[in-house]
There are 4 protein chains.
Amino acid sequence: MQLGLIGLGKMGGNMATRLREKGHDVIGFDYNPEVRDVDSLAELVQRLEAPRIVWLMVPAGEPTAATIRELSGLLEAGDLIIEGGNSHYVDDRKRADELKELGIHYVDAGVSGGVWGRQNGYGIMVGGAPEDIERAKPIFDALTPDSGGGYVHAGGVGAGHFVKMVHNGIEYGMMQAFAEGYELMAASDIVDDVPGTFDSWREGTVVRSWLLDLLVRALEEDPELAGLRGYAQDSGEGRWTVQAAVDHAVPAPVITAALFARFASRQEDSPAMKVIAALRNQFGGHAVTRATEDQA
Amino acid sequence: MQLGLIGLGKMGGNMATRLREKGHDVIGFDYNPEVRDVDSLAELVQRLEAPRIVWLMVPAGEPTAATIRELSGLLEAGDLIIEGGNSHYVDDRKRADELKELGIHYVDAGVSGGVWGRQNGYGIMVGGAPEDIERAKPIFDALTPDSGGGYVHAGGVGAGHFVKMVHNGIEYGMMQAFAEGYELMAASDIVDDVPGTFDSWREGTVVRSWLLDLLVRALEEDPELAGLRGYAQDSGEGRWTVQAAVDHAVPAPVITAALFARFASRQEDSPAMKVIAALRNQFGGHAVTRATEDQA
Amino acid sequence: MQLGLIGLGKMGGNMATRLREKGHDVIGFDYNPEVRDVDSLAELVQRLEAPRIVWLMVPAGEPTAATIRELSGLLEAGDLIIEGGNSHYVDDRKRADELKELGIHYVDAGVSGGVWGRQNGYGIMVGGAPEDIERAKPIFDALTPDSGGGYVHAGGVGAGHFVKMVHNGIEYGMMQAFAEGYELMAASDIVDDVPGTFDSWREGTVVRSWLLDLLVRALEEDPELAGLRGYAQDSGEGRWTVQAAVDHAVPAPVITAALFARFASRQEDSPAMKVIAALRNQFGGHAVTRATEDQA
Amino acid sequence: MQLGLIGLGKMGGNMATRLREKGHDVIGFDYNPEVRDVDSLAELVQRLEAPRIVWLMVPAGEPTAATIRELSGLLEAGDLIIEGGNSHYVDDRKRADELKELGIHYVDAGVSGGVWGRQNGYGIMVGGAPEDIERAKPIFDALTPDSGGGYVHAGGVGAGHFVKMVHNGIEYGMMQAFAEGYELMAASDIVDDVPGTFDSWREGTVVRSWLLDLLVRALEEDPELAGLRGYAQDSGEGRWTVQAAVDHAVPAPVITAALFARFASRQEDSPAMKVIAALRNQFGGHAVTRATEDQA
């Protein structure tokens, strides 16, 4: 089927290739003239037959918001926007409500799979009205693995990005679990072969997983991770997961601890620990006037 | 080769079967007369040709300690004990030192794989002197998967149980990460298909893992886990991991949070939270005499 | 000076009393006709001389928002609203911006002190423009303790509620620290006199504090807290603190753990721990088809 | 009454002074010849009238153990050792059992109060048999504050050090709560006066405490803590608290988080976070062979 695809970077570009290989007619737009098929959103909309489907793979936040604002002035009632970037689920819901007044339909899609997706297929998690999902189903089918699986219609608008967010939160926790295990083995004087230990776990154990495969690979390249700094960015999705947990009164100590470990990894020095140091200095010290008075 | 195997329960019995299938001569002892080949440890030792190899698969703690005490009076210098149960790595080191004075060699082996091990092979992590490991290598080879992998000589005595312990600690963290993600999705009003979401993650995502496979299976059987109580035992190994982290000054917030969540799950009521409730009651209350005096 | 005070509940009513005792002219409005001086916001505004000062002590959220909306139609340029309830600092900033367009000034005030405040004075933390703060200073002076202290102009609009929020976050952490210590002593078989231990800490120790005083008092009344359930509500401010920490990339493990402990305390059963139980069941079990295939 | 005091450092020396001021006959021994009254433990024992009381204020661990070993050869049945250092409660119990065979009595005493103790009195938490405690009561009375309080007989042998350990664990949690609150206020662009905010909390708020007094004092000296590094040692007692919590299956997330924050503060770089960085690198990367195969 025909599809407009906005954002032809590493992710969007690969998706376009896979969709075309599966026989879909993709018309792509990007800010980079070298990769695009049309020179403007207006031209994109003009080229698509109504009712149109436009898929966005644009950086989250203002770029996505701006693109949707512009599109909302170009599209017609009955058209469908699929937001495949990393929007916050709360924003999906607001946008869908606004677009609904113009008769424009909205589906959100969480996409995972990175650089291997083009060949192996992507994990696709979608949220939206059943009839909108149904309409775009051939595209989802083309993107997901040939062997089946990798697809869920998780719920109404926002559900796709919500579950993708939770997926990333879980990922944070799993990564941190491996990281703590690594540090403990490396810190002990008892384990001589940390990389070999992780490698042995790839067969027959409870922790076998794709993340373990990646860790083994990283340790093959650099057995003591000597070439790396313990510095980790966090995507917005880890933060959103914690905030959603707080909003829903769900205890999420593991995911939160993993997020906080990343925060701490980026600090040159910890203001909080300066306070601890300051208090410890005070203990040792010279009389603290007001405190001493209270103390009798 | 010839091997004495003490403990022929679900785990030890399956291991004996696999070893025999691979051509090893296993003589087994158990407290259960119906499954054993010999009627006493003394007879077991007598039947084995020196230098002997005896593998223990006995419950951790006193049963293992008592068996080793008795064995140490029966074995001769040059014999080798392989402790394949769930001993604490600290105990391995003490025992090995004591047995060394009698000339008895000691290797510790962490074994994973559960009921699938007999068919698929076990993950085996061993600690001990290279020459002792070398001697028992045919047995390890028979136990590990036919396709290779699943084996590590992690370090000196204790290292096998140490890394098995860390494996279990990581497992705690990973399980809790999935658990928190589940609860968050179930708590939100936005996700209609929680089991389907987990299932979709089995392809193409970062969190794909054996634990995810098991979770999908559990949700197929009981999509809302309605038949279960949120009550989780902890094996000693999770506790030991946290204590080892504390001993080595390694921050392990994720593994620890997972352990504490299990502790809390088993409480009818939380004494700590009674304190929170009591303090909140006091806030609202009638004048607190001494406090008011300090307060001016 | 003259002041309109909206909300004459336990908190607002006591504040009105204290302000009048200090010579201020307080005109009060409340939904409850028995306690109010005027029968409507319109009448309140009419009775106050311009430029007016109106202090709100209304429940947070919609009641406060609605009151401010109505007031914004009644007040004139140059008037000053002091929001003394528990508003979120983000809302303060939005409101102040909206009111600014009408020329209405806005100050936010975090108020602590509970039922003892009327006699002992309140802790007052304010945010706003220096000239607005200066104008209302006689009111702040009347509310804070006679002996001085208990007052800070923390920053621009929102800063008062921000620091009050952080205060409450710290309070969560401190309470939970005492709670964990209590539970550990109660769980051990070694401590015979838990209440006496807390009482002894009121002199000469590092943990002496008003919260300790309250805890000792609670244990005097009920030494084993037998009359309480381990169930704790959370005010919005604990949640906001965690969310602010996440927004600012500040690791806040202690405050967050304290919040999550409250969440967990209110659950009849834990969905997350059902997942742990489900996974543990799967370990023991019958062959898991797809997993076994991967496993070789 | 007469008392032998071993260890005349800052703590022991001040205690000797206070005890003498209260009329007790203190005979002191120290490795430093300049401060001691007798030149050996043997002479100390000789100088004391039986049944003797000997108080130890020696560094924890081997120094305390060695002193007790030597004393056990010098003292007689009926004599009493009071261990006032920072021994682990588990060691107290072992020692008391060993000394009991010699007829030597043992009491453990947790002492808090630091440099202010001499003037203000110490907090004293003791464990032991009632008759032993009774016998030493005049000494405890002299050490504790003149105004009363600051004393508890917490239970049998070990209970004194157990509750002192828990006290320190709670202290860790409280300090970290303040530290997180500080960092959050410092990180926000909304709070202009962080030191003033803490100072305002000393009156009328829930968090008022001796630790807050100390923090205000530290911020008076160095408002941005610019002269400090965020580096914090941990005493053994924080670790022991966490290990006791794990041993007793008590969830202690706040105390543990505070301990882990100290561990992390001392790391030049975090091995765990190197793992996170390594995994993140792998995501972006080139095909991961074995993982890709599994993946279909």
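See the structure shown above.
Note that the structure is a prediction, hence the values are computed from the model and not measured. (Residues numbered from 1 in each chain as written. Chains lettered and ligands numbered in written order. Predicted model: local features only at pLDDT ≥ 70, side-chain atom pairs only at ≥ 80, totals over all residues. Heavy atoms only, no water.)

### Some details on the overall build of chain A
A count of helices and strands for chain A gives 13 helices and 7 strands. For the C-alpha atoms alone, the extent of chain A along its principal axes is close to 80 × 55 × 35 Å. Of the accessible surface of chain A, which amounts to about 10,500 Å², a share of 48% is contributed by carbon and sulfur atoms. Taken as two groups, the 26 positive and 44 negative side-chain charges of chain A have centres that lie 2 Å from each other. (Helix = DSSP H or I, 4+ residues; strand = E, 2+ residues; numbered from the N terminus. Areas by Shrake-Rupley, 256 points an atom, 1.4 Å probe, with all protein chains shown as cover. Lys, Arg positive; Asp, Glu negative; His and termini not counted. Charge placed at Lys NZ, Arg CZ, Asp CG, Glu CD.)

### Looking at the interface of chain D and chain B
One frequent convention defines the size of an interface as the accessible area lost when the parts assemble. Residue-level contacts link 26 residues of chain D with 26 residues of chain B. In this assembly, chain D packs against chain B so that about 1,900 Å² is buried in total across both faces, 63% of it on carbon and sulfur atoms. Across the contact surface, chain D and chain B share 0 salt bridges. Counting the contacts that link chain D with chain B gives 5 residue pairs in polar contact (both at pLDDT 80 or more). Mapped by element, the contributors of at least two residues to the side of chain D that touches chain B are helix H10 (236-247), helix H11 (253-265) and helix H13 (289-295) of chain D. Residue composition of the side of chain D that touches chain B, grouped by class: 16 nonpolar, 5 polar and 5 charged. (Contact = heavy atoms within 4.5 Å. Buried area = accessible area lost by both parts, 1.4 Å probe. Salt bridge = Lys/Arg side-chain N within 4 Å of Asp/Glu carboxyl O. Polar contact = N/O pair within 3.5 Å; in protein donor to acceptor, adjacent residues only side chain to side chain. Nonpolar A, V, L, I, M, F, W, Y, C, P; charged D, E, K, R; others polar.)

### Considerations on helix H10 (residues 236-247) of chain A
Since the α-helix packs 3.6 residues into each turn, any two residues three or four apart lie on the same face. An ideal rise of 1.5 Å per residue puts 16 Å on 12 residues; H10 of chain A measures up with 16 Å between its terminal C-alpha atoms. Those residues of H10 of chain A that sit buried are Glu237, Gly238, Thr241, Val242, Gln243, Ala244, Ala245 and Val246 of chain A. Tucked into the core, H10 of chain A has its buried residues touching helix H4 (89-100), helix H7 (159-187) and helix H11 (253-265) of chain A, helix H7 (159-187) of chain B together with helix H10 (236-247) and helix H11 (253-265) of chain C. Among the residues trailing H10 of chain A, Ala249 of chain A stands out with phi positive, at a value near 55°. (Expected span 1.5 Å × (residues − 1). Buried < 20%, exposed > 50% of the residue type's maximum accessible area, 1.4 Å probe, protein only.)

### A closer look at the side chain of Asn14 of chain D
Residue and element names in this part refer to chain D. Note that Asn14 resides in helix H1 (residues 10-21). Its relative accessible area of 15% is what places Asn14 among the buried residues. Aside from chain neighbours lying at most four places away, what touches Asn14 is Gly9, Val115, Arg118 and Tyr122.

### Thoughts on the pairing of strand S6 (residues 123-127) of chain D
All names here are of chain D. Burial runs high along S6: 5 of the 5 residues are buried. Burial of the side chains of S6 extends over both faces: Gly123, Met125 and Gly127 are buried on one face and Ile124 and Val126 on the other. Here 5 bridges tie strand S5 (residues 105-112) to S6, and the two strands are oriented antiparallel to one another. The residue of S6 that forms the bridge with Val111 is Ile124. (Pairing = 2+ DSSP bridges.)

### Topic: the packing of H10 of chain C against H11 of chain C
Residues and elements named next belong to chain C. Where H10 meets H11, the axes come as close as 10 Å, and the angle between the chain directions of the two elements is 135°. Regarding the angle of H10 to H11, the classification is oblique. The chirality of how H10 crosses H11 is left-handed. Contacts from Gly238, Arg239, Thr241 and Val242 in H10 reach Ile255, Thr256, Leu259 and Phe263 in H11. Of the residues assigned to the contact of H10 with H11, the class counts are 4 nonpolar, 3 polar and 1 charged. (Axes fitted to C-alpha atoms, helices over the stretch in contact; angles between N-to-C directions. Parallel < 35°, antiparallel > 145°, perpendicular 65-115°, else oblique. Left-handed = near helix turned anticlockwise from the far one by under 90°.)

### Some points on the interface of chain B and chain A
At the junction of the two partners, chain B supplies 68 residues and chain A supplies 68 residues. Counting the surface chain B buries against chain A, the share from its top three residues, Leu184, Ile190 and Val206 of chain B, is 13%. Between chain B and chain A we count 2 salt bridges in total. Among the ionic pairs, Arg93 of chain A bridges to Asp189 of chain B, the shortest N-O distance being 3.8 Å. Linking chain B with chain A are 13 residue pairs in polar contact (both at pLDDT 80 or more), by the criterion used here. Secondary structure elements with two or more residues in the side of chain B that touches chain A: helix H4 (89-100), strand S6 (123-127), strand S7 (151-155), H7, helix H8 (194-200), helix H9 (210-221), helix H10 (236-247) and helix H11 (253-265) of chain B. It is H7 of chain B that provides the largest number of residues to the side of chain B that touches chain A, a total of 18 residues.

### Here's the deal with the relation of the copies chain D and chain B
Structural alignment of chain D on chain B gives an RMSD of 0.0 Å, achieved by rotating through 180° and translating 0.0 Å along the axis. The transformation just described matches what one would write down for a two-fold rotation axis. No C-alpha of chain D approaches the rotation axis more nearly than that of Gln243 of chain D, which lies at 3.1 Å. In this assembly the copies share their binding face: 100% of the residues contributing to the interface of chain D also contribute to that of chain B. (Least-squares fit on C-alpha atoms with pLDDT ≥ 70 in both.)

### Concerning the pattern of salt bridges
Once their charged atoms are close, side chains differing in charge can pair, the charge on each being opposite to the other. Within the structure shown, the criterion is met by 68 salt bridges over all chains. With a closest N to O distance of 3.9 Å, Asp91 of chain A and Lys94 of chain A form a salt bridge. With a gap of 3 residues between them, Asp91 of chain A and Lys94 of chain A both fall in helix H4, about one helical turn apart. Residues Asp39 of chain B and Arg36 of chain B are paired through a salt bridge, measuring 3.2 Å at the closest nitrogen-oxygen approach. We classify Arg36 of chain B as partly exposed; its relative accessible area is 21%. Where salt bridges share partners, they join Arg18, Lys22 and Asp146 of chain A into one cluster.

### Side note on the packing of aromatic side chains
For the structure on display, the rule yields 34 aromatic pairs over all chains. Taking 6.3 Å as the distance between ring centres and 5° as the angle between the ring planes, the aromatic pair formed by Phe283 of chain A and Trp210 of chain D counts as stacked. With one member in each of two chains, Phe283 of chain A in helix H12 (residues 271-284) and Trp210 of chain D in helix H9 (residues 210-221) form a pair that bridges those chains. Taken as a pair, Phe283 of chain A and Trp210 of chain D share a single burial class, namely buried. Counting every residue linked through ring pairs, the aromatic cluster contains Phe178, Tyr182, Phe198 and Trp201 of chain B. The ring of Tyr151 of chain A carries the charged tip of Lys137 of chain A above its face, separated from the ring centre by 4.9 Å. (Phe/Tyr/Trp six-rings, centres within 6.5 Å; stacked < 30°, edge-to-face > 60°. Lys NZ or Arg CZ within 6 Å of the ring centre and 35° of its normal.)

### Concerning the pairing of strand S2 (residues 25-29) of chain B
Residues and elements named next belong to chain B. By the criterion of burial, S2 is predominantly enclosed, with 4 of the 5 residues buried. Inspection of the sheet shows strand S1 (residues 2-6) paired to S2 by 5 bridges, in the parallel sense. By the bridge assignment for S2, Ile6 is matched with Phe29. The handedness of the S1 to S2 crossover, carried by helix H1 (residues 10-21), is right-handed. (Right-handed = clockwise from strand over helix to strand, strands pointing away.)

### Some words on the nonpolar core
Phe198 of chain A, Phe198 of chain B, Phe198 of chain C together with Phe198 of chain D are the most contacted members of the largest nonpolar core, which totals 240 residues. Leave out the neighbours within four places in its chain, and Phe198 of chain A touches Phe178, Tyr182, Met185, Leu212, Leu215, Val216 and Leu219 of chain A together with Ile170 of chain B. (Core = buried A, V, L, I, M, F, W, Y, C linked by side-chain atoms within 4.5 Å.)

### Focus: the packing of helix H7 (residues 159-187) of chain C against helix H7 (residues 159-187) of chain D
One way to put it is that H7 of chain C packs onto H7 of chain D with a least axis distance of 9 Å and a crossing angle of 165°. In terms of their interaxial angle, H7 of chain C and H7 of chain D are classed as roughly antiparallel. Crossing handedness for the pair H7 of chain C and H7 of chain D: right-handed. Residue-level inspection shows Phe162, Val163, Val166, Ile170, Gly173, Met174, Ala177, Phe178, Gly181, Leu184 and Met185 of chain C of H7 of chain C in contact with H7 of chain D, the latter providing Phe162, Val163, Val166, Ile170, Gly173, Met174, Ala177, Phe178, Gly181, Leu184 and Met185 of chain D. Tallied by class, residues from the contact of H7 of chain C with H7 of chain D come to 18 nonpolar, 4 polar and no charged.

### Focus: the relation of the copies chain B and chain A
When chain B is brought onto chain A, the operation consists of a screw motion whose angular component is 180° and whose axial shift is 0.0 Å, with 0.0 Å RMSD remaining. Interface overlap between copies: 100% of the residues of chain B at the interface are likewise at the interface in chain A, consistent with a symmetric, same-surface contact.

### Comments concerning the sheet that holds strand S2 (residues 25-29) of chain C
Residues and elements named next belong to chain C. If you trace the 7 strands from one edge of the open sheet to the other, you get S2-S1-S3-S4-S5-S6-S7, paired in mixed fashion. Bordering the open sheet on either side are S2 and strand S7 (151-155), each of which pairs with just one other strand. Sheet twist, expressed as the average angle between the axes of neighbouring strands with direction ignored, equals 25°. In terms of strand pairing, strand S1 (residues 2-6) meets strand S3 (residues 53-56) through 3 bridges, oriented parallel. Opposite Gly4, over in S3, you have Val54 as the bridge partner. Docked against the sheet, helix H1 (residues 10-21) engages S1, S2, S3 and strand S5 (105-112), running at close to 160° with respect to S2. Together, strand S4 (80-83), S5, strand S6 (123-127) and S7 form the strand contacts of H7, whose direction differs from that of S5 by roughly 20°.

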